[in-house]
Amino acid sequence: GDFYDFFKIGDDTLCVVIADVSGKGVPAAMFMMRAKTLIRSYAETGQPIEEVIKNANRSLCDGNDAGMFVTLWAATINVNTGEMAYVNGGHNPPLLRRKDGSFEYLKMKVNFVLGSFDDIPYTRQELTLSHGDELYLYTDGVTEAMDVAGQLYGEERLHTVLNKETYDSSNALCHAVKADVEEFT
């Protein structure tokens, strides 16, 4: 049920989405594909990110007799200016590392999940990224990984491993998190 997507809208805008669909199996996979397609379709029209998510939510609610839902974090980023507009629909908070700083959880308003109520407004939030800033996105598969005693990996441990050292690439950072989760579990 987890998915991510990123794509260009015009020449200057990058759209980034990370999400998690409730449930398992074929129904969850179908709902995930529907969500991903709707979000991309609405985003490609150039609508503001809060309208994209509001319209995707409305469409996902239509005929959702199984009561499935999607958590997501979605953003549009102007690649020239670094201006980022984003919406959090009940998803895990990303971590932001400013150039020469440490990763910190992005403080934000969390909106309701998608697929449950068709008249929910979604609040747009904004920040400007600078050259060298890093954004770390993840799903609850990281923070809800369990050890043999049933303890969760957790947000604090993720924060610690991200700040443990300076990684020379995003690939190295992702491998370090994956190795730490595997060691924990």
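Before reading further, recall that the structure is shown in the block above.
Residues numbered from 1 in each chain as written. Predicted model: local features only at pLDDT ≥ 70, side-chain atom pairs only at ≥ 80, totals over all residues. Heavy atoms only, no water.

Before going further, it helps to spend a moment on the overall build of the chain. When helices and strands are counted, the chain shows five helices and eight strands. Counting from the amino terminus, helix and strand elements in the chain follow one another as β-β-α-α-β-β-β-β-β-β-α-α-α. Its C-alpha radius of gyration of 17 Å places the chain within 12% of the 16 Å reference for a compact globule of 185 residues. Residues counted as buried form 46% of the 185 residues belonging to the chain. Carbon and sulfur atoms form 52% of the exposed surface of the chain, whose accessible area is close to 10000 Å². Across the chain, the mean location of the 16 positive side-chain charges is 2 Å away from that of the 28 negative side-chain charges. (Helix = DSSP H or I, 4+ residues; strand = E, 2+ residues; numbered from the N terminus. Rg over C-alpha atoms; globule rule 2.2 N^0.38 Å. Buried < 20%, exposed > 50% of the residue type's maximum accessible area, 1.4 Å probe, protein only. Areas by Shrake-Rupley, 256 points an atom, 1.4 Å probe, with all protein chains shown as cover. Lys, Arg positive; Asp, Glu negative; His and termini not counted. Charge placed at Lys NZ, Arg CZ, Asp CG, Glu CD.)

Quick look at the pattern of salt bridges now. Inspection of every chain in the model, using the stated rule, returns nine salt bridges. Residues Arg 124 and Glu 50 are paired through a salt bridge, measuring 3.4 Å at the closest nitrogen-oxygen approach. Note that Arg 124 is positioned in the loop between β6 (103-105) and β7 (125-128) and Glu 50 in helix α2 (residues 49-61), a separation of 74 residues in sequence. A relative accessible area of 17% means that Glu 50 is categorised as buried. The salt bridge partner of Arg 97 is Glu 134, with a shortest N-O separation of 2.3 Å. In this pair, Arg 97 is assigned in strand β5 (residues 95-97) and Glu 134 in strand β8 (residues 134-136), connecting sequence segments 37 residues apart. Using a relative accessible area of 17% as the deciding quantity, one classes Arg 97 as buried. (Salt bridge = Lys/Arg side-chain N within 4 Å of Asp/Glu carboxyl O.)

Spatial relationships are all this shows, so hold off on functional conclusions.
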